[in-house]
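The residues making up each chain are set out below.
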Amino acid sequence: QVQLVESGGGLVETGGSLRLSCAASGIAFSIYDMGWYRQAPGKQRESVATISGGGITNYADSVKGRFTISRDNAKNMAYLQMNSLKPEDTAVYYCNLQKFLYSYWGQGTQVTVSS
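Residues numbered from 1 in each chain as written. Predicted model: local features only at pLDDT ≥ 70, side-chain atom pairs only at ≥ 80, totals over all residues. Heavy atoms only, no water.

Bringing the overall build of the protein into the picture now. Counting its regular elements, the protein contains zero helices and eleven strands. A principal-axis box enclosing the C-alpha atoms of the protein has dimensions of 40 × 25 × 20 Å. For the protein, buried positions account for 41% of its 115 residues. Where the 10 positive side-chain charges of the protein centre and where its 8 negative ones centre are 4 Å apart. (Helix = DSSP H or I, 4+ residues; strand = E, 2+ residues; numbered from the N terminus. Buried < 20%, exposed > 50% of the residue type's maximum accessible area, 1.4 Å probe, protein only. Lys, Arg positive; Asp, Glu negative; His and termini not counted. Charge placed at Lys NZ, Arg CZ, Asp CG, Glu CD.)

Structure follows, in structure tokens:
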């Protein structure tokens, strides 16, 4: 019954911006950590940014200063604002909700940054 649905991916040029959204349902959203992960072709899935229920954030070094994770607990939504995009950011981006030792995942949304 738990579902995470990502949206907002697309094609952008180097230096452009995108905002990804994640809609959660079927779970007490506000008390759990949320995260954005990405997986590029031939690469392992990696953490991009996380945010706790209380709003504490953490970022991968590769995106720090360019990406911002946020959440709106009243709307059961999480967001990833991506600025100054680089071709190296090209990947499928996944929304994650961590409930104790179990991870819920969305279906992913493609982000492609052209050079």
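This part is about the side chain of Ser-21. As for its placement among the helices and strands, Ser-21 is situated in strand 3 (residues 18-25). Taking relative accessible area as the criterion, Ser-21 reaches 12% and is therefore assigned buried. Setting aside chain neighbours within four positions, we find Ser-21 in contact with Val-5, Glu-6, Ser-7, Trp-36, Met-77, Ala-78 and Tyr-79. (Contact = heavy atoms within 4.5 Å.)

Right, let's get into the pattern of salt bridges. Within this structure, the stated rule accounts for three salt bridges. Asp-89 is the salt-bridge partner of Arg-38, the closest N and O atoms lying 2.9 Å from each other. Pair noted here: Arg-38 is in strand 4 (residues 33-39) and Asp-89 is in the loop between strand 8 (77-82) and strand 9 (91-99), with a separation of 51 residues, a long-range link. Each member of the pair, Arg-38 as well as Asp-89, carries the same accessibility label: buried. Residues joined by salt bridges that share partners form a network here, namely Arg-38, Glu-46, Arg-66 and Asp-89. (Salt bridge = Lys/Arg side-chain N within 4 Å of Asp/Glu carboxyl O.)

What follows covers the environment of Val-2. Relative to the assigned elements, Val-2 resides in the segment before strand 1 (3-7). It is 35 Å that separates the C-alpha atoms of Val-2 and Gly-15, two residues lying 13 residues apart in sequence. Here Val-2 is in contact with Ser-25, Gly-26, Ile-27 and Tyr-104, once residues within four sequence places are set aside.

Before going further, it helps to spend a moment on the nonpolar core. Counting residues in each nonpolar core, the largest one holds 29 residues, and the members touching the most others are Met-34, Trp-36, Val-48, Phe-67, Leu-80, Met-82 and Tyr-93. Of all elements in the fold, only strand 3, strand 4, strand 5 (46-51), strand 7 (67-72), strand 8, strand 9 and strand 11 (109-114) reach the threshold of two or more residues within this core. (Core = buried A, V, L, I, M, F, W, Y, C linked by side-chain atoms within 4.5 Å.)

So, on to the sheet that holds strand 1. Spatial strand order, 1-3-8-7: four strands in an open sheet with antiparallel pairing. The strands lining the two open edges of the sheet, one partner per strand, are strand 1 and strand 7. On average, each strand axis in the sheet is inclined to that of its neighbour by 15°, with strand direction left out of account. Looking at chain direction, strand 3 and strand 8 are connected through six bridges and run antiparallel. Paired with Ala-23 across the two strands is Met-77, which belongs to strand 8. (Pairing = 2+ DSSP bridges. Axes fitted to C-alpha atoms, helices over the stretch in contact; angles between N-to-C directions.)

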